[in-house]
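# Examination of the molecular architecture
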Amino acid sequence: MMAKNSAAKDALNRFKMEAANEVGVNLKQCYNGDLTSKQAGSIGGQMVNNICPVRLMKFIRNYRWVDGHQKEFTYRFRLTV
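From a predicted model like this one, the values you see are computed outputs, not experimental measurements.

### Here's the deal with the overall build of the chain
- Looking only at helices and strands, the chain has two helices and two strands in total.
- Its helices and strands in sequence order give the chain the pattern α-α-β-β, from N to C terminus.
- Principal-axis analysis of the C-alpha atoms places the extent of the chain at approximately 65 × 35 × 15 Å.
- Out of the 81 residues belonging to the chain, those deemed buried represent 11%.
- Sequence separation of at least 24 residues holds for 30% of the intrachain contacts in the chain that already meet a minimum separation of 6.
- Accessible surface, the chain as shown: approximately 7100 Å² in total, 56% of it carbon and sulfur.

This is the structure in structure tokens:
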């Protein structure tokens, strides 16, 4: 049971390091108390964006009152399971 927990921690740490590299924050293996709140938040935000990215859907709707007029609608959402 220890091996599963250790493997999960290692995978999460690798994921965190990849997210830190993507946002340009130098993350060390051990102590990271010198990070600013903005840097730490950007790492967490990037992790969330990688797990459940923002999806865009565009629809074109015909106006019911005026013939030949259309309007485009864009919906932004996150798909979570």
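Don't stop here, the text continues.
### So, helix H2 (residues 37-51)
- With 15 residues, H2 extends 21 Å between its outermost C-alpha atoms, agreeing within 8% with the 21 Å of an ideal straight helix rising 1.5 Å per residue.
- When we look at burial in H2, the residues that qualify are Ile-43, Gln-46 and Met-47. Relative to the axis of H2, the buried residues are bounded by an arc of 100° and lie together on one face. Residues Ser-37 and Lys-38 are exposed on H2 and point more than 90 degrees away from its buried face.

### A look at the nonpolar core
- Core analysis: the biggest nonpolar cluster contains seven residues, these being Met-17, Ala-19, Ala-20, Val-25, Leu-27, Ile-43 and Met-47.
- At the level of secondary structure, the elements contributing two or more residues to this core comprise helix H1 (2-23) and H2.
- Ranked by the residues each element gives to this core, the list is headed by H1, at three residues.
- Once residues lying within four places of it in the same chain are set aside, the contact partners of Ala-19 are Ile-43, Gln-46 and Met-47.

### Topic: the pattern of salt bridges
- Following the criterion strictly, the structure yields two salt bridges and no others.
- With its nearest N and O atoms 2.9 Å apart, the salt bridge here joins Lys-28 to Asp-34.
- You can call Lys-28 partly exposed: its relative accessible area is 41%.
- Linking Glu-72 and Lys-58 is a salt bridge whose minimum nitrogen-to-oxygen distance equals 3.9 Å. In this pair, Glu-72 sits in strand S2 (residues 70-78) while Lys-58 sits in strand S1 (residues 54-62), placing the two residues 14 residues apart along the sequence.
- Taking relative accessible area as the criterion, Lys-58 reaches 56% and is therefore assigned exposed.

### Let's talk about the packing of aromatic side chains
- Considering all chains together, one arrives at one aromatic pair under this definition.
- Between the aromatic rings of Phe-59 and Tyr-75, the centroid separation amounts to 5.7 Å while the plane-to-plane angle is 65°, which identifies the pairing as edge-to-face. You can see Phe-59 sitting in strand S1 and its partner Tyr-75 sitting in strand S2, a full 16 residues away along the chain.
- Phe-59 gets classed as partly exposed once you look at its relative accessible area, which sits at 40%.

Cut-offs used in this document
- Residues numbered from 1 in each chain as written.
- Predicted model: local features only at pLDDT ≥ 70, side-chain atom pairs only at ≥ 80, totals over all residues.
- Heavy atoms only, no water.
- Helix = DSSP H or I, 4+ residues; strand = E, 2+ residues; numbered from the N terminus.
- Buried < 20%, exposed > 50% of the residue type's maximum accessible area, 1.4 Å probe, protein only.
- Contact = heavy atoms within 4.5 Å.
- Areas by Shrake-Rupley, 256 points an atom, 1.4 Å probe, with all protein chains shown as cover.
- Expected span 1.5 Å × (residues − 1).
- Arc of directions from axis to C-beta.
- Core = buried A, V, L, I, M, F, W, Y, C linked by side-chain atoms within 4.5 Å.
- Salt bridge = Lys/Arg side-chain N within 4 Å of Asp/Glu carboxyl O.
- Phe/Tyr/Trp six-rings, centres within 6.5 Å; stacked < 30°, edge-to-face > 60°.

By themselves, these figures tell us nothing about what the structure is for.
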